[in-house]
Amino acid sequence: MDVDYALLKKGGFMRQKQKNCFSLRLKVVGGHLDAKQLSVIAEVAEKYGEGYVHLTSRQGVEIPFIKLDDIDDVKTALAKGDCEPGVCGPRVRTVTACQGKAICPSGCIDTYALAQELSERFFAKDLPHKFKFGVTGCQNNCLKAEENDIGIKGGIEVKWIEDKCIRCGVCENICRTKAISFEGERLILDESKCNCCGRCTKACPSDAWENNEGYILSFGGLFGNRIHKGEEIIPIIHDKKTLFRVIDTAVAFFGEYAKPGERFRFTIERIGEDIFRKIIEEAYNG
Amino acid sequence: MADYNIDEYTDITDVVCPVTFVKAKVAIEELEPGQVLSIHMNAGEPVQNVPRSMKEEGHKVLKLNKNDDGTYDLIVEKGDE
Ligand code: HEM
Ligand code: SF4
Ligand code: SF4
Ligand code: SF4
């Protein structure tokens, strides 16, 4: 029998060194699996694998030792528990996310909802090389946004509300970037220092801040053979429409200009950072 | 800046989160509404969380003073029951 390994790999079946065995990668969005999914994964690992799973570095789940002959049965069994195989190869991979503001006290954005939107729009999309999205809820960066081809970090743009402020000084003391100071009774916010971490507004005992949530994007991150920190080239974005316009533009740039097997960062370098920057700025401005 | 007279002191630098808030909460329960508690705390997590937690419990944060040794004193007025 001729086996199309490329097709299997595309469908998340990773060939192992052991003959006719595959480590089956599952589709996971933002590190979220419900109890039903977990129990069917356990069942499949027990029945068709060797009774364990491997958790990948990007919130994925792989079930090793799936036999070639069982592949269709495994897919059917997984589908019953709302699980499906993931992907590998030159396409959009698992969208990762921290728990974000739905759970975490530091969170500035709803990371999981955004990861789902990104996954629906881009997951498994064929591109010249692998392409990774990661969503992190705030500057603490638990999800390490900048190691992704496109990283998204939540932020809050804050505005002081003078007549609600009791001048307690909490915000001034907890701001890590020293963006806040007082001149007598007036709070001075140095916007060039503020990184939109949201600590001031979260700690304020008097709700004396107006909050404007947003997304801080980074482009061209790599964390494999070569390491490059994704770069922020546009200001924080406050609406989803602009966010997706910019992301669509970046993905289209990669689809159009990348050579097969070239990561996003290298395409940006080869075509020119200034050209890429201009294209993204245009998309940002609408 | 607000004027205040401190009625009671508590030191929460000897405990770690989440006991910091518990200890502060116990201390303020001892007071009458309108009385003022000074809470001595370390930088970091307590400063981030205790002022807001105090407010959520219905008390009024008056001031956060930074000390030379890097610790803080949070001045809180007890709210009405
Ligand atoms: C829903 C509420 C909270 C969530 C979801 C949360 C989440 C987390 C997470 C994920 C970690 C990292 C744990 C790890 O190393 O694996 C952490 C660490 C920590 N959290 Fe929280 N946290 C919460 C509330 C709080 C509060 C209220 C405080 C203090 C007032 C606090 C203090 C800390 C401290 C001190 C650490 C560091 C612990 C260490 O270094 O081992 N957390 N928290
Ligand atoms: S990145 Fe921020 S929001 Fe996400 S888990 Fe870490 S602290 Fe919470
Ligand atoms: S958002 Fe963060 S960096 Fe900006 S002023 Fe507030 S605490 Fe400072
Ligand atoms: S924490 Fe809030 S109330 Fe206190 S000084 Fe800052 S803005 Fe004013």
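Residues numbered from 1 in each chain as written. Chains lettered and ligands numbered in written order. Predicted model: local features only at pLDDT ≥ 70, side-chain atom pairs only at ≥ 80, totals over all residues. Heavy atoms only, no water.

### Observations regarding the site of ligand 3
As a reminder of what qualifies: The criterion for a residue being near a molecule or strand is simple. One of its heavy atoms has to lie within 4 Å of it. Classification convention: Asp, Glu, Lys, Arg as charged; Ala, Val, Leu, Ile, Met, Phe, Trp, Tyr, Cys, Pro as nonpolar; all other residues, Gly among them, as polar.
Residues in contact with ligand 3, as listed here, are Cys175(A), Thr177(A), Ala179(A), Ile180(A), Leu189(A), Cys194(A), Asn195(A), Cys196(A), Cys197(A), Gly198(A), Arg199(A) and Cys200(A). Considering only residue class, the shell around ligand 3 consists of 8 nonpolar, 3 polar and 1 charged.

### A short note on the side chain of Thr201(A)
Let me state the cut-off plainly: Comment: elements are numbered from the N terminus, with helices defined as DSSP H or I runs of at least four residues and strands as E runs of at least two. Relative accessibility under 20% of the residue-type maximum defines a buried residue, over 50% an exposed one, and the middle range a partly exposed one, all with a 1.4 Å probe and only protein chains included. Here a polar contact is recorded for every N or O atom pair within 3.5 Å, except that within protein the pair must consist of a potential hydrogen donor and a potential acceptor, and residues adjacent in sequence are included only if both atoms are side-chain atoms. In this description, contact between two residues means that some pair of their heavy atoms is separated by no more than 4.5 Å.
The residue Thr201(A) is located in helix H6 (residues 199-203) in this model. By relative accessible area, Thr201(A) is classed as buried at 8%. There is a polar contact of 2.8 Å between the side chain of Thr201(A) and the side chain of Asn211(A). Non-local contacts of Thr201(A), meaning those with residues more than four positions away in its chain, are made with Ile156(A), Val158(A), Trp209(A), Asn211(A) and Arg52(B).

### Looking at the pairing of strand S6 (residues 133-136) of chain A
Residues and elements named next belong to chain A. Heads up, the rule is: When DSSP finds two or more bridges between two strands, those strands count as paired. Handedness is read with the strands pointing away from the viewer; a crossover is right-handed when the path from the first strand over the helix to the second is clockwise.
The side-chain alternation of S6 yields two buried faces, one formed by Phe133 and Val135 and the other by Gly134 and Thr136. Summarising the sheet, strand S5 (residues 96-97) and S6 pair through 2 bridges and their orientation is parallel. The residue bridging Ala97 from the neighbouring strand is Val135, located in S6. The handedness of the S5 to S6 crossover, carried by helix H4 (residues 111-122), is left-handed. Judged from the 4 bridges that link them, S6 and strand S7 (residues 150-160) form a sheet pairing that is parallel. Within S7, the residue paired with Gly134 across the bridge is Gly151.

### A word on the environment of Arg186(A)
Residues and elements named next belong to chain A. Residue placement: Arg186 occurs in strand S9 (residues 186-189). We classify Arg186 as partly exposed; its relative accessible area is 43%. Here the alpha-carbon distance between Arg186 and Ile275, two residues 89 residues apart in the chain, equals 43 Å. Residues contacting Arg186, with those up to four places away along its chain left out, are Trp160, Glu162 and Ser181. A polar contact of 3.1 Å, which involves the side chain of Arg186, links it to the side chain of Glu162.

### Observations concerning the pattern of salt bridges
All names here are of chain A. Under the convention used in this document: Salt-bridge detection follows one rule: a side-chain nitrogen of Lys or Arg within 4 Å of a carboxyl oxygen of Asp or Glu.
Scanning the model with the defined rule gives 22 salt bridges over all chains in all. Where Glu162 meets Arg167, a salt bridge forms, and the shortest distance between an N and an O atom there is 3.8 Å. Classification of Arg167 by relative accessible area gives buried; the value is 12%. Each member of the salt-bridge network shares a partner with another, and the members are Arg226, Glu231, Arg265, Glu269 and Glu273.

### Focus on the site of ligand 2
Close to ligand 2 lie Cys98(A), Gly100(A), Cys104(A), Ser106(A), Gly107(A), Thr136(A), Gly137(A), Cys138(A), Asn140(A), Asn141(A) and Cys142(A), which account for all nearby residues. Of the residues belonging to the shell around ligand 2, the class tally is 4 nonpolar, 7 polar and no charged.

### Things to note about the domain arrangement of chain A
One widely used convention gives an interface's size as the accessible area the parts lose upon coming together. Residue and element names in this part refer to chain A. The condition is simple: For the purposes of this description, domain bounds are those given by an automatic or database domain assignment. Joining two parts hides part of their accessible area as seen by a 1.4 Å probe, and the buried area is that hidden amount summed over both.
Annotation of chain A at the domain level lists domain 1 (5-80) and domain 2 (96-285). A C-alpha centroid distance of 32 Å is found between domain 1 and domain 2. Contact with domain 1, which involves 7 residues of that partner, is made by 12 residues of domain 2. Approximately 820 Å² of surface area, both sides summed, lies buried where domain 1 meets domain 2, with 57% of it carried by carbon and sulfur atoms. Connecting domain 1 to domain 2 are 1 salt bridge. At the boundary of domain 1 with domain 2, the tally comes to 3 residue pairs in polar contact (both at pLDDT 80 or more). Looking at the side of domain 1 that touches domain 2, its residues break down into 1 nonpolar, 3 polar and 3 charged.

### What about unusual backbone geometry?
Looking along the chain, the bond that leaves Cys17(B) and enters Pro18(B) is cis, with omega of 5 degrees. Relative to the helices and strands, Pro18(B) resides in the loop between strand S1 (8-11) and helix H1 (19-29). The backbone of Asp82(A) sits at a positive phi, close to 60 degrees, despite the residue not being glycine. Within the secondary structure layout, Asp82(A) lies in the loop between helix H3 (71-80) and S5. Given the relative accessible area of 48%, Asp82(A) is considered partly exposed. Backbone geometry places Arg167(A), a non-glycine residue, at a positive phi of 55 degrees. Relative to the elements of secondary structure, Arg167(A) occurs in the loop between S7 and helix H5 (170-174).

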